[in-house]
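Listed below, chain by chain, are the residues.
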Amino acid sequence: DRYVTHSILLLSEHEMNNMKVLSSSACLLLLRSSQAFSSPSRPSLIATSNRLYSSSTTLKMSKPFAVIVEAEIQPDRMDEFLKMIEHNAINSRKEPGCLRFDVLKAQDSPNKFFFYEVYKSPSDVDFHKTQDHYKAWADFKESGGTISSVTKKADGEFIGE
């Protein structure tokens, strides 16, 4: 009885940490199924399953988190920028929490770019900012490589694969 309850709690924590989604129906199924292995003297497991089910139905899948950057690059630093941003994009895409990292060039200005970055969560952006390829972008800006750089943050509503 003690083992079954403990296993269910570990599974729930594992699901929360690794998938960030706890399936309320799966949790309810596991808890209801565990009644067959628990003693009748422990009706708290049934009460717990009802409580966990009702609280787990309020859990929501976290929305992806996007960063949109509009950057105007100093014309004399364009070659340096292009090498750096390609390296940044390629390596950012390898990060476990990065869903997308696109670099777009404006049609009406040869030195204006947009970065469209999508991450699983804001904590994945925090991780991204600790990486050397991101630091190269921060150093480029700090050294005067940009004329301007504006960053917008957004929550994903309808994100494609």
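Everything discussed here concerns the structure shown above.
The paragraphs below set out a description of the structure included in this document. Model, not experiment: these values are computed from the prediction.

Looking now at the overall build of the chain. A tally of regular secondary structure across the chain gives 6 helices and 4 strands. Expressed as a percentage of the 161 residues in the chain, the buried residues total 32%. For the chain, the computed accessible surface area is about 10,500 Å², with 56% contributed by carbon and sulfur atoms.

Ranked by size, the top nonpolar core spans 19 residues in total, and within it I73, F81, F115 and W137 carry the most contacts. For this core, the secondary structure elements donating two or more residues are β1 (65–73), α4 (78–92), β2 (98–105), β3 (112–119) and α6 (132–142). Excluding its chain neighbours within four sequence positions, the residues that come into contact with F115 are V67, I68, V69, A71, F81, I85, D102, V103 and W137.

Attention now goes to the pattern of salt bridges. The full count for this structure, using the stated rule, is 4 salt bridges. The closest approach of N and O atoms between R77 and E80, which form a salt bridge, is 2.6 Å.

As for its position among the elements, E117 is in strand β3. Despite its burial, E117 pairs with no opposite charge, the nearest such side chain being K129 at 8.2 Å. Among the polar contacts listed, one links the side chain of E117 to the side chain of Y119, at a separation of 2.7 Å. Once residues lying within four places of it in the same chain are set aside, the contact partners of E117 are F65, A66, V67, V69, R100, F101 and H128.

About the thresholds
Residues numbered from 1 in each chain as written. Predicted model: local features only at pLDDT ≥ 70, side-chain atom pairs only at ≥ 80, totals over all residues. Heavy atoms only, no water. Helix = DSSP H or I, 4+ residues; strand = E, 2+ residues; numbered from the N terminus. Buried < 20%, exposed > 50% of the residue type's maximum accessible area, 1.4 Å probe, protein only. Areas by Shrake-Rupley, 256 points an atom, 1.4 Å probe, with all protein chains shown as cover. Core = buried A, V, L, I, M, F, W, Y, C linked by side-chain atoms within 4.5 Å. Contact = heavy atoms within 4.5 Å. Salt bridge = Lys/Arg side-chain N within 4 Å of Asp/Glu carboxyl O. Lys, Arg positive; Asp, Glu negative; His and termini not counted. Polar contact = N/O pair within 3.5 Å; in protein donor to acceptor, adjacent residues only side chain to side chain.

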